[in-house]
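# Overview (structure and organization)
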Amino acid sequence: MSLRGLYAITDSALLADGRLLPWVEASLAGGARLLQYRDKSRDSVRRREEAGQLRTLCAQYGTELLINDDLALASELGVGVHLGLEDGSLQEARAELGPEAIVGATCHASLANAEAALAAGASYIAFGRFFDSRTKPGAPAATLELLEQARERFSAPIVAIGGITLERAPQLLAAGADLLAVIHGLFGADSAREVQYRAQTFNSLF
């Protein structure tokens, strides 16, 4: 699977007050390759509604939508899923969603986790955090050396996540990242126009 470019991840706290759809559409207009809907709340009705709206937007822009840690919702919508180490079985997700679906896996800073994820059917392996991250401040720190080792060892797409900004992105790409997963560095903008500009600028680095 050829995956390369900006990987936009929503954040429910960051995109409150009606900003979710316009900010996300701006990122898609800027060329986001993947979009992950990440909402840790237990409001299943709102999550289903928002995810459905995002699926419609992604279809308009040719962007792949993934649901964070919710295989049932991903299956219902017919989209991909991203699973953390303790958020469900990758094998089950692959069996449920089929061979063409994108199934992503959190690997933190472990090559062993990545190897196990790929064996279980993951489409890509995600390493991080690489820099200080507001979303996961306690996550194990990953290094550029780890990224280089992963690039030598695996042919699958590699995602880098954690505190990524436009200034920090080039070193991750040089070390072997195929996708840059960005939350605050993309959506922490003052306007939808700025979100689109950031998305375009991230993509220009590839």
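Throughout what follows, the structure given in this document is the object of discussion. Every value quoted in this text rests on a predicted model; they were computed, and no experiment measured them. (Residues numbered from 1 in each chain as written. Predicted model: local features only at pLDDT ≥ 70, side-chain atom pairs only at ≥ 80, totals over all residues. Heavy atoms only, no water.)

Along an α-helix, a turn takes 3.6 residues, which lines up residues three or four apart on a common side. Taken residue by residue, helix H4 (residues 90–97) has Leu90, Ala93, Arg94 and Leu97 as its buried positions. Along H4, the residues classed as buried sweep out an arc of 100° about the axis, all on the same side. Summarising the geometry of H4, the exposed residues directed more than 90 degrees from the buried face are Gln91 and Ala95. Next to the buried residues of H4 lie helix H3 (71–77), strand E4 (80–83), strand E5 (103–108) and helix H5 (111–119). (Buried < 20%, exposed > 50% of the residue type's maximum accessible area, 1.4 Å probe, protein only. Helix = DSSP H or I, 4+ residues; strand = E, 2+ residues; numbered from the N terminus. Arc of directions from axis to C-beta. Contact = heavy atoms within 4.5 Å.)

The element strand E3 (residues 64–68) is largely enclosed, with a buried count of four among its five residues. Two strands pair when backbone bridges link them, and strand E2 (residues 34–37) and E3 are joined in this way by four bridges, in the parallel orientation. Note on E3: the bridge partner recorded for Leu35 is Leu65. In this fold, E2 hands off to helix H2 (residues 44–61), which returns the chain to E3; that crossover is right-handed. The sheet contact formed by E3 and E4 spans three bridges and is parallel. Across the sheet, the residue bridging to Leu66 is Gly80, located in E4. Handedness of the crossover joining E3 and E4 through H3: right-handed. (Pairing = 2+ DSSP bridges. Right-handed = clockwise from strand over helix to strand, strands pointing away.)

This part takes up the nonpolar core. In terms of nonpolar packing, the biggest core is built from 74 residues, with Phe127 and Leu180 touching the most fellow members. A total of five residues in this core trace back to one element, the largest contributor, which is helix H1 (residues 20–29). In contact with Leu180, other than residues within four places in its own chain, are Gly5, Leu6, Tyr7, Ala160, Ile164, Ala169, Leu172, Leu173, Phe202 and Phe206. (Core = buried A, V, L, I, M, F, W, Y, C linked by side-chain atoms within 4.5 Å.)

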